[in-house]
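Listed below are the residues making up each chain.
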Amino acid sequence: MNGPIASEVFDLSGSVVWVTGSSRGIGAGVARHLARHGAAMVVHGRSVESTEAIASSVGDLGADVLRVHGDVRDEAAVDAMVAAIVERFGRLDHVVANVGGAAFGPIDETAGSRFARQLELNLVSAYVTLRAAHPLLAATRGSAVMISATAATNPTPSFAGYGAAKSGVEHLAATMAAEWGPEVRVNAVSPGLIRTDGSMAAVFRGSDELAARAGATTAVGRIGEPDDIAWACHYLLSSAAAFVSGTTLLVDGGPTEGPTQRILRAIGGD
């Protein structure tokens, strides 16, 4: 028996997808990508003004779009967002929990309160969002993706809170998958360096040359683009990933060396 063709597997027509933190960066790239593939989009930002550009660009792609606003760490605010989704669409098929951010600071100079804020922004926000969305996802036998980071599984000096939070994100995805299956699949995507306005300003100091040099350290020879992460999310949300749940998909361009090569370089070996 022939199965569905790829265009059918990846077609999101008729589905409703909520991407948190979709006003810019990776989240905006994911929202535009999924809209191009037929999804009705729920875009999100902290304020009404923050979502004007992404809502306009998604609408220009012909997608039905709803804007929701508020702090996804706040359970009451998230409940109100879910209620708005129900009022507009009556359903929710998929969620991409993308809200997050990193704060620089050595451990000895980072107060516990600042560390806690990193956990809240990156981990608690995903927990609150998906917990509120779960009844709707269960009703549609939908799926969710959380956005992690390579810091989750690598030592991250001066980013301890961020790395710890993203490690928690991956554990949470696996636990939610175990608790909520078989009705709801939950996975995570772990991006490497991705070209966004934020990374170009904060990491590469606005220099395309520095971005290219960083890209040369990956096996594919470039840094990532938001659409690279969007395709990974698309796969995990689609029926092509029907047997994939509780896992983390690493999307970092691939390493070019391992621990042995790093040590040899440090001691002057070949």
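1. A closer look at the overall build of the protein chain
Alright, step 1. When its secondary structure is counted, the protein chain shows 10 helices and 7 strands.
Alright, step 2. Each of the three principal axes of the protein chain carries a C-alpha extent, and together these read 60 × 50 × 40 Å.
Alright, step 3. Within the protein chain, the proportion of its 270 residues that are buried is 44%.
Alright, step 4. Across the protein chain, every contact between residues at least 6 apart in sequence was considered, and the portion connecting residues at least 24 apart equals 69%.

2. Things to note about the layout of surface pockets
Alright, step 1. Reported here for the second largest pocket is a volume of approximately 260 Å³.
Alright, step 2. What lines the second largest pocket is a set of 19 residues, among which His94, Arg141, Leu237, Ser238 and Ser239 lie closest to the centre.
Alright, step 3. The residue makeup of the lining of the second largest pocket, split by class, is 5 nonpolar, 8 polar and 6 charged.

3. Observations regarding the packing of helix H2 (residues 25-36) against helix H9 (residues 226-237)
Alright, step 1. Two elements in contact, H2 and H9, have axes separated by 8 Å at closest approach and are oriented at 55°. Judged on the interaxial angle alone, H9 and H2 are oblique. Of the two elements, H2 crosses H9, and the hand of that crossing is right-handed. Between H2, through Gly25, Ile26, Gly29, Val30, His33, Leu34 and Arg36, and H9, the contact on the second element is made entirely by Pro226, Asp227, Ile229, Ala230, Trp231, Cys233, His234 and Leu237.

4. Considerations on the packing of aromatic side chains
To describe a pair of aromatic rings, you give the distance between the ring centres and the angle between the ring planes.
Alright, step 1. For the coordinates displayed, the defined rule picks out 1 aromatic pair.
Alright, step 2. Note on Phe104 and Phe159: the rings are 5.6 Å apart at their centroids and 70° apart in plane angle, and the pair reads as edge-to-face. In this pair, Phe104 sits in the loop between strand S4 (94-97) and helix H5 (112-140) while Phe159 sits in the loop between strand S5 (143-147) and helix H6 (160-180), placing the two residues 55 residues apart along the sequence.
Alright, step 3. Given a relative accessible area of 53%, Phe104 falls into the exposed group.
Alright, step 4. Taking the relative accessible area as the measure of exposure, Phe159 reaches 29% and is therefore partly exposed.

5. Considering helix H8 (residues 208-215)
Alright, step 1. Of the residues making up H8, those classed as buried are Leu210, Ala211, Ala214 and Gly215. In a view along the axis of H8, the buried residues occupy a sector of 145°, so they form one face of it. In this structure, H8 carries Glu209 and Arg213 as exposed residues pointing more than 90 degrees from its buried face.
Alright, step 2. In this structure, the buried residues of H8 make contact with helix H7 (197-202).
Alright, step 3. Between the side-chain oxygen of the N-cap and the backbone nitrogen of Glu209 there are 3.2 Å, and the N-cap of H8 in question is Ser207.

6. Regarding the pattern of salt bridges
Alright, step 1. For the structure shown, the criterion picks out 10 salt bridges.
Alright, step 2. A salt bridge links Arg131 to Glu75, with the nearest nitrogen and oxygen atoms 3.6 Å apart. With Arg131 in helix H5 and Glu75 in helix H4 (residues 75-89), the pair connects residues that are 56 residues apart, well separated along the chain.
Alright, step 3. Among the salt bridges present, the one from Arg265 reaches Glu257, with a minimum N-O distance of 2.6 Å.
Alright, step 4. Its relative accessible area of 37% is what places Glu257 among the partly exposed residues.
Alright, step 5. In the salt-bridge network here, residues are joined through shared partners; they are Arg46, Asp71 and Arg73.

7. Overview of the sheet that holds S5
Alright, step 1. With parallel pairing, the 7 strands of this open sheet are ordered in space as S3-S2-S1-S4-S5-S6-S7. Two strands lie at the open edges of the sheet, namely strand S3 (65-69) and strand S7 (248-251), each paired on one side alone. Within this sheet the neighbouring strands show an average axis-to-axis angle of 20°, counted without direction.
Alright, step 2. Packed on one face of the sheet, H6 meets S5, strand S6 (185-191) and S7 and runs near 160° to S6.
Alright, step 3. Packing of H9 onto the sheet brings it into contact with strand S1 (16-19), S4, S5, S6 and S7, and relative to S6 it is tilted by some 165°.

Criteria and cut-off values
- Residues numbered from 1 in each chain as written.
- Predicted model: local features only at pLDDT ≥ 70, side-chain atom pairs only at ≥ 80, totals over all residues.
- Heavy atoms only, no water.
- Helix = DSSP H or I, 4+ residues; strand = E, 2+ residues; numbered from the N terminus.
- Buried < 20%, exposed > 50% of the residue type's maximum accessible area, 1.4 Å probe, protein only.
- Contact = heavy atoms within 4.5 Å.
- 1 Å grid on protein atoms, 1.4 Å probe; cavity = no way out; pocket = protein on both sides within 12 Å on 5 of 7 lines; lining within 4 Å.
- Points joined across faces, edges and corners; volume = space filled by probe spheres on them.
- Nonpolar A, V, L, I, M, F, W, Y, C, P; charged D, E, K, R; others polar.
- Axes fitted to C-alpha atoms, helices over the stretch in contact; angles between N-to-C directions.
- Parallel < 35°, antiparallel > 145°, perpendicular 65-115°, else oblique.
- Left-handed = near helix turned anticlockwise from the far one by under 90°.
- Phe/Tyr/Trp six-rings, centres within 6.5 Å; stacked < 30°, edge-to-face > 60°.
- Arc of directions from axis to C-beta.
- Polar contact = N/O pair within 3.5 Å; in protein donor to acceptor, adjacent residues only side chain to side chain.
- Salt bridge = Lys/Arg side-chain N within 4 Å of Asp/Glu carboxyl O.
- Pairing = 2+ DSSP bridges.

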